[in-house]
Amino acid sequence: MDAVWQGLVQAFKILIRLDPEVMEVVALTLKVCGLATAVSVFLGVPVGTFLALKEFPGRRLIVSLVNTGMGLPPVVVGLWVSLLLWRSGPLGRLGLIYTPAAMVIAQAFIAAPLVTGLTMAAIQQLPAKLKTQVLALGASPGQLYWTLIKEARLGILAAIIAGFGAVISEVGAAMMVGGNIMHQTRVLTTATVMEVSRGHFDIAMALSFILLALAFGVTALLTLLQQRTRAVPDGRRN
């Protein structure tokens, strides 16, 4: 309990004095996680909607791969992204290894299957006749997709929350492709691991509390947005 209390005190002191190094790490954490979540949503929502609505040869295999990806170990993602971006790898000439861009790529690979799979489930839970009714009103394919996405918005927002949770808590892939370089690729999770390895448990606890507060704050905002769009029986919105 002493370590927990010291961590709380240390976190409070860091936040009060706005420690420049810690604030830099927090800012990079938000930047990397935000971009990775955005990329996963940009890819996952359309793909999940398409898989929910279309039947084609090989669909079940693709769905199985998506479901497998939802539980894909982050270190496996980190390994493959490292091999792709390594200087001798296929994309080595881009010079992305040990950069925030590499961390965004790896974390997007982790979150995208989650967003895709949960979006697909949300669309499939809509009434079966809704698609037919929308098409009967003369909607184009694009209008159909947009209407169904709006109807499934609660589930899709849950998918976004899950995707963000996956990337902000990830450490293995971030270490492998980012290298935990101060002023360049150090984020809250990798900084916490480093402080533990040094035996600085009070600082590690402080960083963990800041990480939890950050995760809670962003998730709370997304949850508020989700619940505000929830229609209640009398037609008003919460």
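Just above, that's the structure.
Structural notes, computed from the coordinates. Because the structure is a prediction, the values reported are computed rather than measured.

## A look at the overall build of the chain
Scanning the chain from terminus to terminus reveals eleven helices and zero strands. Of the regular secondary structure in the chain, the N- to C-terminal order runs α-α-α-α-α-α-α-α-α-α-α. Seen through its C-alpha atoms, the chain measures out along the principal axes to roughly 65 × 50 × 25 Å. Looking at the chain as a whole, 41% of its 238 residues qualify as buried. Considering only contacts in the chain between residues 6 or more positions apart, those separated by 24 or more positions represent 72%.

## Some points on the packing of aromatic side chains
Counted according to the given criterion, the structure contains two aromatic pairs. Geometrically, the ring pair formed by W86 and Y98 is edge-to-face, given 5.9 Å between the ring centres and 85 degrees between the ring planes. Of the two residues, W86 sits in the loop between helix 4 (74–85) and helix 5 (100–124) while Y98 sits in the loop between helix 4 and helix 5, which places them twelve residues apart along the sequence. For W86, a relative accessible area of 36% corresponds to the partly exposed category. On the accessibility criterion, Y98 (27% relative accessible area) is partly exposed.

## Focus on the pattern of salt bridges
Tallied over the full model, the rule gives one salt bridge. Between E195 and R198 there is a salt bridge, with its nearest N and O atoms 3.9 Å apart. Of this pair, E195 and R198 both sit in helix 10 (residues 188–198), three residues apart, which is roughly one turn of the helix.

## With respect to the nonpolar core
I168, L188 and I210 are the most contacted members of the largest nonpolar core, which totals 36 residues. Every residue in contact with I168, bar those within four places of it in the chain, is listed here: T29, C33, T189, L211, L214 and A215.

## Examining the packing of helix 2 (residues 20–53) against helix 8 (residues 153–168)
Between helix 2 and helix 8, the least distance of the axes is 9 Å, while the angle of their chain directions is 140 degrees. Relative to helix 8, the element helix 2 lies oblique. Handedness of the crossing formed by helix 2 with helix 8: right-handed. In this structure, helix 2 contributes T29, C33, A36, T37, V41 and V45 to the contact, and helix 8 contributes I156, I160, G163, F164, V167 and I168. Of the residues in the contact of helix 2 with helix 8, the class split is nine nonpolar, three polar and no charged.

## Considering the packing of helix 5 against helix 8
One can describe the packing of helix 5 onto helix 8 by two numbers: an axis separation of 8 Å at closest approach and a directional angle of 160 degrees. With respect to helix 8, the axis of helix 5 lies roughly antiparallel. The crossing of helix 5 and helix 8 is right-handed. The residues of helix 8 that touch helix 5, namely those facing Q107, I110, A111, L114, V115, L118, T119 and A122, are G155, I156, A158, A159, A162, G163, A166 and V167. The residue inventory of the contact of helix 5 with helix 8, partitioned by class, reads twelve nonpolar, four polar and no charged.

## Section: helix 10
Residues of helix 10 that are buried include every one of L188, T189, T190, A191, T192, M194 and E195, and no others. G199, located one to two residues past helix 10, shows a positive phi value of around 85 degrees.

## Focus: the environment of P90
Among the structural elements, P90 can be located in the loop between helix 4 and helix 5. For the pair P90 and L15, spaced 75 residues apart in the sequence, the C-alpha separation amounts to 42 Å. With near-sequence residues (within four places) excluded, P90 lies in contact with L83 and L84.

About the cut-offs
Per chain, residues are indexed from 1 in the order of the written sequence. Local features in a predicted model are, by the rule used here, given only for residues with pLDDT of at least 70; side-chain atom pairs are given and counted only at 80 or more, and totals for whole chains, interfaces and linings are based on all residues. With hydrogens and water set aside, each side-chain value is computed from the structure's full complement of heavy atoms. Secondary structure elements follow DSSP: runs of H or I of four or more residues count as helices, runs of E of two or more count as strands, with numbering from the N terminus. Throughout this description, buried means an accessible area under 20% of the type-specific maximum (1.4 Å probe, protein chains only), exposed means over 50%, and partly exposed covers the range between. Note on definitions: a residue-residue contact is assigned when non-hydrogen atoms from the two residues lie within 4.5 Å. Here the aromatic set is Phe, Tyr and Trp, taking the six-membered ring for Trp, and pairing holds for ring centres within 6.5 Å; pairs whose planes are under 30 degrees apart are stacked, those over 60 apart are edge-to-face, and all others are tilted. In the sections that follow, a salt bridge refers to a side-chain nitrogen of Lys or Arg positioned within 4 Å of a carboxyl oxygen of Asp or Glu. Here, nonpolar core refers to any group of buried Ala, Val, Leu, Ile, Met, Phe, Trp, Tyr and Cys residues whose side-chain atoms link them within 4.5 Å. Interaxial angles span 0 to 180 degrees and are taken between N-to-C directions of axes, which are lines fitted to C-alpha atoms, for helices over the stretch in contact. Roughly parallel here means an angle under 35 degrees, roughly antiparallel means over 145, roughly perpendicular means 65 to 115, and every remaining angle is called oblique. Should the near helix be turned anticlockwise from the far one by less than a right angle, the crossing is termed left-handed; should it be turned clockwise, right-handed. When residues are sorted by character, Ala, Val, Leu, Ile, Met, Phe, Trp, Tyr, Cys and Pro go into the nonpolar class, Asp, Glu, Lys and Arg into the charged class, and all the rest, Gly among them, into the polar class.

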